[in-house]
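Residue-level listing of the chains:
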Amino acid sequence: AQSVTQLGSHVSVSEGALVLLRCNYSSSVPPYLFWYVQYPNQGLQLLLKYTTGATLVKGINGFEAEFKKSETSFHLTKPSAHMSDAAEYFCAVSDYEAAGNKLTFGGGTRVLVKP
Amino acid sequence: DAMVIQNPRYQVTQFGKPVTLSCSQTLNHNVMYWYQQKSSQAPKLLFHYYDKDFNNEADTPDNFQSRRPNTSFCFLDIRSPGLGDAAMYLCATSRDLSSAGGSSYEQYFGPGTRLTVT
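Source: prediction; values computed, not measured.

Chemist: Describe the sheet that holds strand β7 (residues 64-68) of chain A, naming the residues involved and giving the relevant values.
Modeler: Residue and element names in this part refer to chain A. Read across the sheet, 5 strands follow the order β1-β3-β8-β7-β6 without closing on themselves; strand pairing throughout is antiparallel. The open sheet is flanked by β1 (3-7) and β6 (56-58), the only strands paired with a single partner. The sheet shows a mean angle of 20 degrees between the axes of neighbouring strands, direction not considered.

Below, the structure is given as structure tokens:
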């Protein structure tokens, strides 16, 4: 069985400061990992994904994440927060071996950006 | 642009009155999913269609049903909505390994339908 843990349900950062969202996973197979962002009353939008290859992946809106197998982590970072980054962020792992690519989500981290 | 469309965006229904939410996609993906998301929680998978095959999650109440008449459309039927069914309902799609072009692995989400039960 797969699981995802996001440390911190709420994170507050100042505009211009580093954004760091933590994600740890458990998977019985090499993981395929995702970060999604959700703005109020919207669906989920893919920020970035790791499947194979380079462990540092870059996504949209200046975000990047690094897959660290030894730490079973896939933390999301952005060097400089912008007010528009205020949203909820979900880390997810894919059960790609089963028909249907089911995702297991973490509990989410709500980001507040202070001016 | 290829996308996942959900109608309506906001739906109000009465306690016990059947309601149907719709989802359509122009991505030609073979897998479609329905999620329920309550406030400040992660999306919870209700069921998914792998092509025409329906896959129900073990803990999805019988009150929730789904139909997929063709590749592009998928419907969520709530037979007798209760107050606890008020939530955001998200539709998503993905392209699985069996599809031309192989798997996209990620899921593409629609904007959601917010259901209110009065």
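Chemist: Which residues make up the packing of aromatic side chains, and what are the values?
Modeler: As enumerated under the stated definition, the model contains 15 aromatic pairs over all chains in all. Pairing F63 of chain A with Y89 of chain A gives two aromatic rings, centres 5.5 Å apart and planes at 45 degrees, and the pair type is tilted. Taken as a pair, F63 of chain A in the loop between β6 and β7 and Y89 of chain A in strand β9 (residues 87-95) lie far apart in primary sequence, 26 residues in all. When the ring of Y49 of chain B is compared with that of F54 of chain B, the centres are 5.2 Å apart and the planes differ by 55 degrees; the resulting orientation is tilted. By relative accessible area, Y49 of chain B is classed as buried at 9%.

Chemist: Any details on the nonpolar core? Residues and values, ideally.
Modeler: In this structure, L21, W35, L47, L48, F74, L76 and Y89 of chain A are the most contacted members of the largest nonpolar core, which totals 26 residues. Breaking this core down by element, the ones donating at least two residues are β2 (10-14), β3 (19-26), β4 (32-38), β5 (44-50), β7, β8 (73-78), β9 and β11 (109-114) of chain A. Those residues in contact with L21 of chain A that lie beyond four places of it in its chain are V11, W35, H75, L76, Y89, T109 and V111 of chain A. Core analysis: the second largest hydrophobic core is formed by 21 residues, Y32, Y96 and F105 of chain A together with Y33 of chain B among them.

Quick notes on the rules
Residues numbered from 1 in each chain as written. Chains lettered and ligands numbered in written order. Predicted model: local features only at pLDDT ≥ 70, side-chain atom pairs only at ≥ 80, totals over all residues. Heavy atoms only, no water. Pairing = 2+ DSSP bridges. Helix = DSSP H or I, 4+ residues; strand = E, 2+ residues; numbered from the N terminus. Axes fitted to C-alpha atoms, helices over the stretch in contact; angles between N-to-C directions. Phe/Tyr/Trp six-rings, centres within 6.5 Å; stacked < 30°, edge-to-face > 60°. Buried < 20%, exposed > 50% of the residue type's maximum accessible area, 1.4 Å probe, protein only. Core = buried A, V, L, I, M, F, W, Y, C linked by side-chain atoms within 4.5 Å. Contact = heavy atoms within 4.5 Å.

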